[in-house]
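As a plain string of letters, each chain reads:
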Amino acid sequence: MAIGETLARMRKERDLTQEDVARKLYVTRQAVSRWENGETEPSVDMCKLIAATFDMPLMQLLEMPDGDYCQSCGMPFFQEDDHGSEADGGRSDDFCSMCYQSGAFVGDESMEELIEEAAPEMAESCHITRDEAVSFMGALLPHLKRWR
């Protein structure tokens, strides 16, 4: 489900109009309509505001499924090789190969250091600005297993 569909569902569940949502978010009704119709998407910072305004986890708004991405850096698992390895050589279900090998985290960086290191790559691959990538990761990572 796209962000717009999630926003529309959430709005209807709360019996709100697009105008009501627009007022809460300090945007126009037309902006809310364009998001819901999939014509545009809200920025990362706006997604954070939407999630906070409606008291829902950002991961729920972005429709990120449990377990289908690294619980350290947030990278999606696209293929088997993306998974890290446990100490016994088995596949890690939770962590990617860049973060976790042989049952241990590859680096001992802080969450902030990981964000600074990974943000440029995320920005390029997702076609967003570096600042948006930093903002997104700053909102996502605290909810992942490694950082809780």
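Placed above this text is the structure.
What counts as what
Numbering of residues starts from 1 in each chain and follows the order in which that chain's sequence is written. With pLDDT at 70 or above as the cut-off, local features in this predicted model cover only qualifying residues; side-chain atom pairs require 80 or more to be listed or tallied, and sums for whole chains, interfaces and linings still use all residues. Hydrogen atoms and water are omitted, and side-chain values are computed over all heavy atoms in the structure. When a carboxyl oxygen of Asp or Glu is within 4 Å of a side-chain nitrogen of Lys or Arg, the pair counts as a salt bridge. Going along the chain from the N terminus, every DSSP run of H or I of four or more residues is numbered as a helix, and every run of E of two or more is numbered as a strand. Between buried and exposed lies partly exposed: a residue is buried under 20% and exposed over 50% of the maximum accessible area for its type, with that area taken using a 1.4 Å probe on protein chains only. Directions pointing from the helix axis toward each C-beta atom define the arc.

Undergrad: Would you take a moment to explain the pattern of salt bridges for this structure?
TA: Oppositely charged side chains can pair when the atoms bearing their charge come close. In the structure shown here, the tally under the stated rule is ten salt bridges. The partner of R146 in a salt bridge is E109, and the shortest N-O contact between them spans 3.8 Å. With R146 in the segment after α7 (130-140) and E109 in the loop between β4 (104-105) and α6 (111-126), this residue pair connects regions lying 37 residues apart in the sequence. Of the two residues, R146 and E109, neither departs from the other in class, the shared state being buried. R130 is the partner of D131 in a salt bridge, and the nearest nitrogen-oxygen pair spans 3.9 Å.

Undergrad: I'm lost on helix α2 (residues 18-25) in this one. Help?
TA: Every α-helix carries 3.6 residues per turn, so stepping three or four residues along brings you back to the same face. For α2, every residue scored as buried is listed here: Q18, V21, A22 and L25. Seen along its axis, α2 keeps its buried residues to an arc of 100°; they face one direction. Just past α2, the residue Y26 takes up positive phi, approximately 60°.

Undergrad: What am I meant to see in unusual backbone geometry here?
TA: One can expect most non-glycine residues to show negative phi and most peptide bonds to be in trans. Positive phi, normally seen in glycine, also occurs at D55, with a value near 50°. The topology assignment puts D55 in the loop between α4 (44-53) and α5 (58-61). For D55, a relative accessible area of 72% gives the class exposed. The phi torsion at S102 lies on the positive side, around 55°, for a residue other than glycine. Structurally, the position occupied by S102 is in the loop between β3 (100-101) and β4. Classification of S102 by relative accessible area gives exposed; the value is 53%.

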